[in-house]
Amino acid sequence: MATERVAEAFAPAKINLTLHVTGRRADGYHLLDSLVMFADLGDRLGVALADTPALTVTGPMAAGVPVDGRNLALRAAAYIGVNAAITLEKHLPAAAGIGGGSSDAAAVLRALAGLTGQPLPDDTERLGADVPICLYGRAVRMRGVGERLSPCDNAPALPALLVNPGVELPTARVFAGLECHDNPPMPDALPRFHSPRAMARWLMTMRNDLEAPARALAPRVGTALDALRHTAGAHMARMSGSGATVFALYDTGAEATAAAEVIRAAHPGWWVQPVTLG
Ligand SMILES: C[C@](O)(CO)[C@H](O)COP(=O)(O)OP(=O)(O)OC[C@H]1O[C@@H](n2ccc(N)nc2=O)[C@H](O)[C@@H]1O
Ligand SMILES: Nc1ncnc2c1ncn2[C@@H]1O[C@H](COP(=O)(O)OP(=O)(O)OP(=O)(O)O)[C@@H](O)[C@H]1O
């Protein structure tokens, strides 16, 4: 029976600090080895049990987000067979490599599990490759196509700047542009990270294998990476996921905020957000 109770849920941006493409399955999906952390910035949802499914999308990044059955927030509720009325306040750009739709889906699954007492479902990667990591919600290494998770408990909080240069990159097109599908994974054992600087130094020796095809499709990804690398205090800059969002890492939040001002002044149309990753 329908109730008025609304569960509030937060859907943080997912950042792939590394993304090694290590193989390809028979169905065409790629095997990955990726270290993921989450930002203190994300979409905000309200979820209530209802007689029929409903979705309202608002917020600064709502333009162009589907409001019908294509929306992953609605698909997540349908996946567990619950009718839900969902409000989605969009703060993350879509098709941006930071897991917007997957994070919304994970937030809906968590909220509905709380409202109904049902356990979280298995096989959530069928909703989207990033849904299992978004359900996990904190620093994690993902392998396979995203279903093999190992905790990364020793990562320090990382001051970071996220920049999206205003170009949507469909994930499938970026994978299709990969020249080599069998690249080396990260080392079996990850080091212990004692500080943001130590972690950034190690991350510099790792890769995002999707960066080259994304830059070829959208040269503005390269422009944004160059701009970030030139900001004061930036240890490293890399693309997240299949792009086009890029990030840089700093020692302090003050450095990330100062860098944000510099980038905003030079590129007023870009989405620029200082955050902390955890
Ligand atoms: C690249 C990542 O963002 C890394 O976190 C994710 O693996 C992608 O997650 P996602 O956007 O939820 O991806 P999906 O919507 O499941 O897949 C979109 C398309 O990208 C390609 N795809 C995706 C994931 C993967 N491991 N290999 C692929 O080849 C497939 O063509 C797929 O049809
Ligand atoms: N809740 C949602 N928020 C944003 N886009 C959504 C949502 N549900 C479905 N979509 C559709 O999914 C497409 C991909 O958007 P999404 O934000 O999930 O990006 P993504 O780059 O695939 O994320 P990632 O690859 O990091 O998982 C969008 O173009 C949009 O049409």
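As a convention, each chain's residues are numbered from 1 in the sequence order in which they are written. Naming scheme: in the order in which they are written, chains are lettered from A and ligands are numbered from 1. A pLDDT threshold of at least 70 governs which residues receive local features in this predicted model, and a stricter bar of 80 or more applies before side-chain atom pairs are shown or counted, although totals over entire chains, interfaces and linings include all residues. With hydrogens and water excluded, all non-hydrogen atoms of the structure serve as input to the side-chain values.

In the annotation of an unreviewed UniProt entry, the entry for the protein reads 4-diphosphocytidyl-2-C-methyl-D-erythritol kinase, and the organism field reads Aquicoccus porphyridii. As stated in UniProt under Catalytic activity (unreviewed entry), the record for the protein gives "4-CDP-2-C-methyl-D-erythritol + ATP = 4-CDP-2-C-methyl-D-erythritol 2-phosphate + ADP + H(+)". UniProt positions are given in the numbering used here, feature names are shortened, and annotations may be inferred rather than shown by experiment. Per UniProt, the comment on the protein under Pathway (unreviewed entry) is "Isoprenoid biosynthesis; isopentenyl diphosphate biosynthesis via DXP pathway; isopentenyl diphosphate from 1-deoxy-D-xylulose 5-phosphate: step 3/6."

This part takes up the environment of A85. Labels follow the DSSP assignment, with helices taken as runs of H or I lasting at least four residues and strands as runs of E lasting at least two, numbered in each case from the N terminus. Looking at the secondary structure, you find A85 in strand β5 (residues 84-89). Working definition: with a 1.4 Å probe on protein chains only, accessible area under 20% of the residue-type maximum means buried, over 50% means exposed, and in between means partly exposed. A residue is classified by how much of its surface remains accessible, and A85, at 30% relative accessible area, is partly exposed. Separated by 83 residues in the primary sequence, A85 and E168 have C-alpha atoms spaced 28 Å apart. In what follows, a contact means two residues having at least one pair of non-hydrogen atoms within 4.5 Å. Excluding residues within four positions of it along the chain, A85 makes contact with G46, V47, A48, A50 and A54.

What follows covers the site of ligand 1. The local shell around ligand 1 holds 14 residues, among which K14, N16, H30, A129 and D130 are the closest. Contact distances for ligand 1 include 3.5 Å between an oxygen atom and a side-chain N or O atom of T171. Residue burial considers only the protein chains on display, and all accessible areas are found by Shrake-Rupley using a 1.4 Å probe. If ligand 1 stood free it would expose 650 Å²; the protein chains cover 79% of that surface. Only β1 (6-16), β3 (30-49) and α4 (171-176) provide two or more residues apiece to the shell around ligand 1. Here a residue counts as near a molecule or strand whenever at least one of its heavy atoms sits within 4 Å of it. Polar contact is defined as a pair of N or O atoms within 3.5 Å, subject to the rule that within protein one atom must be able to donate a hydrogen and the other to accept it, and that residues adjacent in sequence are counted only when both atoms are side-chain atoms.

As a further point, take the UniProt feature "domain: GHMP kinase N-terminal" (unreviewed entry) in the protein. Mapped onto this numbering, the UniProt entry gives "domain: GHMP kinase N-terminal" (unreviewed entry) at residues 72-137. Taken as a whole, residues 72-137 contains 47% helix and 9% strand, while its terminal C-alpha atoms sit 17 Å from one another.

A carboxyl oxygen of Asp or Glu within 4 Å of a side-chain nitrogen of Lys or Arg is what we treat as a salt bridge. Inspection of the entire model under this criterion finds eight salt bridges. In this structure, R70 and D68 form a salt bridge, with 3.0 Å as the shortest nitrogen-oxygen distance. Among the charged side chains, a network of salt bridges with common partners joins D43, K90 and D104.

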